[in-house]
Amino acid sequence: MAHGEKRGYDKQARKWRYRGRYKLPNGKWGSVSRDENGQPFYSERAAERYAHGLEVDVRRKQFINPRDGKITVAEWAEKWLASIDVGPLSEKEYRLRLKNQILPEWGDVAVGDLSPTAILIWEKDLRRRLSKNYADGVMSVFRTMLDDAVTEKLRGDNPVATRKSGRRGKYQPKPKDEKVIATPRQALLIARNALEMRGLNEYAIVLASAYTGLRIGELAGVHRDQLELKDNGQGARLHSVQQSQYVDGEFTEIGNKYDSGRGLILPPFLAGLLQELMGSRPGSEWVFTAPKGGRLLRGGEWYAETWRPIVCGRAPRGVVRGAKARVGVRPVLGVEGLTPHGLRHSHKVWLDEGNHPRVAVEARMGHVLQGVEGTYSHVTLAMELAIAEHLQRLWEGSLRVVVDRREFGPYPPFKAPRVKRSPIRLPSPD
């Protein structure tokens, strides 16, 4: 039974100190000398009451041993990372967020000592320094890691606020969805810019992204033998079962995001375009390749040197300082800020506008339909063929010449290419 014991005399407070004794879940005796606020017990009765509360928690199976909360955030992060089961890219991102943001601030702090107020102050500074999306990602990792700490009974609550139970501070309206999407006509114009700049491969990958909804990494991972371009009444199909990504500095193939491998029916125009693309590079293992036929890479340089110009345009240029001449492309109006992932969003909008069954739309996007609707709804071949017919009509409509509005803006201003200059070496004194 819980009780109090005299421990020693506190000269500074000029009082006797006490500790509480209570039975642990394993039957052994535990002891506690301070309350949850870190204050010592100066009476036997106070120590006994606190120990009795811990025994009640033991009986209710809600007991959290204060000693377990002494593990530091860095020590818990190491154990937590070893326990999670996520894709290699997600794990890499978690490790970077911990290394660069969370552990420098909280690594040496005991999990049980984390203060919600201190974390809110830190979060406020974090959001001042970083972009919203990145700050959201950092806080999501911290919150998830401490959710699991609560499950492990390292502490009783999660100090990272979810802001669901109430709101503090000034009102912030929910931001509008600012995702830029393209119409079928705008997707065609972007693809034509890509054809002008980089040739058939870039033209095809823009249209494949817009008319399949696949992510760029998933398109980069499509092999030739994963295409069935002859329509035998079941529709031409592209089978997406992996994506190409960099993992630990090596180019490799991993499963699709959320394990969303799927076969997608293609509109006839896209099946013909992919057949032409493969015929132009008969020796390639992959459908979409680098300009010289190697493996398709999509990094920071591609976004800056290829994607941005095909959307936002680039000025024509003659031979300058040894750099080759290049053709100019004009920006497509109305899609300023469009990202490659925006084509996936555009595809979803086109399907919604076609009033296709939700189960077929979500399946094509690689999503699982939740709830009763997901349990009892099923995708049929008729639904898939209707989607292909709808997409073919959108394509044919995008080819109609537009004469009553501007579709392209003027060329952006010319910027001279940078030239690396060798450092000037002064002659050494004699």
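Residues numbered from 1 in each chain as written. Predicted model: local features only at pLDDT ≥ 70, side-chain atom pairs only at ≥ 80, totals over all residues. Heavy atoms only, no water.

**Observations concerning the pattern of salt bridges**
Then, in step 1: Tallied over the entire structure, the rule returns 18 salt bridges.
Then, in step 2: Arg-19 serves as the salt-bridge partner of Glu-5, at 3.0 Å between the closest nitrogen and oxygen. Here Glu-5, found in strand S1 (residues 3-10), pairs with Arg-19, found in strand S2 (residues 15-23); they are 14 residues apart in sequence, far enough to count as distant.
Then, in step 3: By relative accessible area, which is 26% here, Glu-5 ends up partly exposed.
Then, in step 4: With a closest N to O distance of 3.0 Å, Asp-157 and Arg-155 form a salt bridge.
Then, in step 5: The exposure class of Asp-157 is partly exposed, given its relative accessible area of 41%.
Then, in step 6: Taking the relative accessible area as the measure of exposure, Arg-155 reaches 9% and is therefore buried. (Salt bridge = Lys/Arg side-chain N within 4 Å of Asp/Glu carboxyl O. Helix = DSSP H or I, 4+ residues; strand = E, 2+ residues; numbered from the N terminus. Buried < 20%, exposed > 50% of the residue type's maximum accessible area, 1.4 Å probe, protein only.)

**Description of the sheet that holds S1**
Then, in step 1: With antiparallel pairing, the 3 strands of this open sheet are ordered in space as S1-S2-S3. At either margin of the open sheet sits one strand with a lone partner, and together these are S1 and strand S3 (29-32). Each neighbouring strand pair of the sheet contributes to a mean axis angle of 30 degrees, computed without reference to strand direction.
Then, in step 2: Bridge count between S1 and S2: 7 bridges; the pairing is antiparallel. Pairing of Glu-5 across the sheet is with Arg-19, part of S2. (Pairing = 2+ DSSP bridges. Axes fitted to C-alpha atoms, helices over the stretch in contact; angles between N-to-C directions.)

**Some points on the packing of aromatic side chains**
Then, in step 1: Counted by the stated rule, this structure contains 10 aromatic pairs.
Then, in step 2: Ring geometry for Phe-41 against Tyr-50: centres 5.5 Å apart, planes inclined by 45 degrees, an arrangement best described as tilted.
Then, in step 3: Residue classification places Phe-41 among the buried positions, given a relative accessible area of 5%.
Then, in step 4: Here Tyr-50 falls in the partly exposed class, since its relative accessible area comes to 24%.
Then, in step 5: Arranged with centres 6.4 Å apart and planes meeting at 35 degrees, the rings of Trp-106 and Phe-142 form a pair that is tilted. Of the two residues, Trp-106 sits in helix H3 (residues 88-106) while Phe-142 sits in helix H5 (residues 132-151), which places them 36 residues apart along the sequence.
Then, in step 6: Phe-142 gets classed as buried once you look at its relative accessible area, which sits at 0%.
Then, in step 7: In this structure an aromatic cluster arises from ring pairing among Tyr-211, Phe-269, Trp-350 and Trp-395.
Then, in step 8: The positively charged end of Lys-6 is found above the aromatic ring belonging to Trp-16, 4.4 Å away from the centroid.
Then, in step 9: The ring of Tyr-42 has Lys-15 lying over it, and the distance from NZ or CZ to the ring centre is 5.1 Å. (Phe/Tyr/Trp six-rings, centres within 6.5 Å; stacked < 30°, edge-to-face > 60°. Lys NZ or Arg CZ within 6 Å of the ring centre and 35° of its normal.)

**Description of the side chain of His-223**
Then, in step 1: Residue position: His-223 is located in the loop between helix H8 (216-220) and strand S4 (227-228).
Then, in step 2: Since its relative accessible area comes to 13%, His-223 is described here as buried.
Then, in step 3: Setting aside residues no more than four positions away along its own chain, His-223 makes contact with Gln-242, Glu-253, Glu-285, Trp-286 and Val-287. (Contact = heavy atoms within 4.5 Å.)

**Points about the nonpolar core**
Then, in step 1: Core analysis: the largest hydrophobic core is formed by 52 residues, its most contacted members being Val-206, Tyr-211, Leu-274 and Phe-288.
Then, in step 2: Of all the secondary-structure elements, those providing two or more residues to this core are helix H6 (184-198), helix H7 (200-212), H8, helix H9 (268-280), helix H10 (300-312), helix H11 (340-353), helix H12 (358-365) and helix H14 (381-398).
Then, in step 3: The biggest single contributor to this core is H7, with 8 residues.
Then, in step 4: With sequence-adjacent residues up to four places away left out, Phe-288 is seen in contact with Asn-201, Ala-204, Ile-205, Ala-208, Leu-219, Leu-274, Leu-277 and Leu-296.
Then, in step 5: Core analysis: the second largest hydrophobic core is formed by 25 residues, Ile-71, Trp-76, Trp-122 and Val-141 among them. (Core = buried A, V, L, I, M, F, W, Y, C linked by side-chain atoms within 4.5 Å.)

**Things to note about the sheet that holds strand S5 (residues 237-240)**
Working definition: the strands of a sheet are paired by backbone hydrogen bonds and lie parallel or antiparallel to each other.
Then, in step 1: Ordered in space as S4-S5-S8, the 3 strands form an open sheet in which the pairing is antiparallel. If you trace the sheet from one side to the other, it starts and ends with S4 and strand S8 (262-265), each paired once.
Then, in step 2: Sheet topology note: the S4/S5 ladder contains 2 bridges and is antiparallel. Paired with Glu-228 across the strands is Arg-237, a residue of S5.
Then, in step 3: Sheet strands in contact with H14 are S5 and S8, and its direction is about 55 degrees off that of S8.

**Some thoughts on the packing of H11 against H14**
Then, in step 1: Orientation of H11 relative to H14, taken along the N-to-C sense of each, is 110 degrees, at an axis distance of 10 Å. Here H11 is positioned roughly perpendicular relative to H14, judged by the angle of their axes. Contacts between H11 and H14 pair His-347, Trp-350 and Leu-351 from the former with Ile-387, His-390, Leu-391 and Leu-394 from the latter.
Then, in step 2: When the residues that make up the contact of H11 with H14 are grouped by side-chain class, the tally is 5 nonpolar, 2 polar and no charged. (Parallel < 35°, antiparallel > 145°, perpendicular 65-115°, else oblique. Nonpolar A, V, L, I, M, F, W, Y, C, P; charged D, E, K, R; others polar.)

**A few points about the confidence of the model for the chain**
Then, in step 1: Looking at the chain as a whole, the pLDDT averages 82, with 85% of positions reaching at least 70.
Then, in step 2: Per-element confidence in the chain is highest for H14, whose mean pLDDT is 95, and lowest for strand S7 (residues 250-255), whose mean pLDDT is 70.
Then, in step 3: Confidence drops under pLDDT 50 across residues 164-168; counting only partners more than four residues distant or on other chains, this segment forms 2 contacts. (pLDDT = per-residue confidence, 0-100.)

**Quick look at the side chain of Thr-306**
Then, in step 1: Following the sequence through the fold, Thr-306 ends up in helix H10.
Then, in step 2: Residue contacts for Thr-306: discarding those within four places in its chain leaves Met-197, Arg-198, Glu-202 and Glu-301.

**Digging into the pairing of S5**
Then, in step 1: One ladder, built from 4 bridges, connects S5 with S8; its direction is antiparallel. Bridged to Arg-237 within S8 is Ile-265.

**Notes on the environment of Arg-14**
Then, in step 1: Within the secondary structure layout, Arg-14 lies in the loop between S1 and S2.
Then, in step 2: Classification of Arg-14 by relative accessible area gives exposed; the value is 68%.
Then, in step 3: A C-alpha to C-alpha distance of 9.9 Å links Arg-14 and Tyr-42, two positions 28 residues apart in sequence.

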